[in-house]
Amino acid sequence: MKTTPAMHRDIDAAHKRGVDLKHERYHAKLDQDLAFFRAKLLTLSLLTAIATLVWSLASTENGNQVCQLMSQLFK
């Protein structure tokens with residue numbers, strides 16, 4: 001069976017659609033991974049900020065009293 005130019009165009013178009021779909025899936029996965037990494041980084045920075053705040057509060061007399069009051073509130 002001979003292939004016609006129209007058949008070649010159909011084959012090429014199908015191949016291009018397949019490659020485009022694979023490319024879109026790759027970028028969607030990359031975007032999802034990047035969003036997850038940013039969320040983890042934000043969580044880590046917030047925990048670091050909270051730990052620094054608690055440490056600085058606990059290092060002063062008034063701050064120590066505030067920490068004790070806060071711990072009693074959450075018991």
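A quick note: this is a predicted structure, and the numbers were derived from the prediction, not measured.

As for the overall build of the chain
Looking only at helices and strands, one finds 2 helices and 0 strands in the chain. For 75 residues, the compact-globule estimate of 2.2 N^0.38 gives 11 Å, and the chain exceeds it by more than 25% at 29 Å. The principal-axis extent of the C-alpha atoms belonging to the chain is close to 90 × 20 × 10 Å. Here the chain has roughly 7100 Å² of accessible surface; of this, 67% comes from carbon and sulfur atoms. Averaging the locations of the 10 positively and 7 negatively charged side chains of the chain gives two centres separated by 5 Å.

Comments concerning the pattern of salt bridges
Enumeration according to the criterion identifies 2 salt bridges in this entry. In this structure, Lys-16 and Asp-20 form a salt bridge, with 3.0 Å as the shortest nitrogen-oxygen distance. One end of the pair, Lys-16, and the other, Asp-20, are both in helix H1 (residues 5-58), 4 residues apart, so they sit about a helical turn from each other. In this structure, Asp-33 engages Lys-29 in a salt bridge whose closest nitrogen and oxygen atoms are separated by 3.1 Å. Taken together, the residues span about one helical turn, with Asp-33 and Lys-29 both in helix H1 at a distance of 4 residues.

Details of the packing of H1 against helix H2 (residues 61-73)
Close contact between H1 and H2 brings their axes to 6 Å; oriented N to C, the two are set at 120°. One finds that H1 runs oblique with respect to H2. Contact with H1, carried on its side by Val-54, Leu-57 and Ala-58, involves Gly-63, Asn-64 and Cys-67 of H2 and no other residues of that element. For the contact of H1 with H2, the class distribution of residues is 4 nonpolar, 2 polar and no charged.

Concerning the environment of Phe-36
Here Phe-36 lies in helix H1. Taking relative accessible area as the criterion, Phe-36 reaches 55% and is therefore assigned exposed. Separated by 22 residues in the primary sequence, Phe-36 and Ala-14 place their C-alpha atoms 33 Å from one another.

A closer look at a nonpolar patch on the surface
A cluster of nonpolar side chains, Leu-34, Phe-37, Leu-41 and Leu-44, forms an exposed patch at the surface whose accessible area comes to about 390 Å². Relative to the elements of secondary structure, Leu-41 occurs in helix H1. For Leu-41, a relative accessible area of 47% gives the class partly exposed.

Quick notes on the rules
Residues numbered from 1 in each chain as written. Predicted model: local features only at pLDDT ≥ 70, side-chain atom pairs only at ≥ 80, totals over all residues. Heavy atoms only, no water. Helix = DSSP H or I, 4+ residues; strand = E, 2+ residues; numbered from the N terminus. Rg over C-alpha atoms; globule rule 2.2 N^0.38 Å. Areas by Shrake-Rupley, 256 points an atom, 1.4 Å probe, with all protein chains shown as cover. Lys, Arg positive; Asp, Glu negative; His and termini not counted. Charge placed at Lys NZ, Arg CZ, Asp CG, Glu CD. Salt bridge = Lys/Arg side-chain N within 4 Å of Asp/Glu carboxyl O. Axes fitted to C-alpha atoms, helices over the stretch in contact; angles between N-to-C directions. Parallel < 35°, antiparallel > 145°, perpendicular 65-115°, else oblique. Contact = heavy atoms within 4.5 Å. Nonpolar A, V, L, I, M, F, W, Y, C, P; charged D, E, K, R; others polar. Buried < 20%, exposed > 50% of the residue type's maximum accessible area, 1.4 Å probe, protein only. Patch = residues over 30% accessible without salt bridge, like charges linked within 9 Å, V, L, I, M, F, W, Y side chains within 5 Å.

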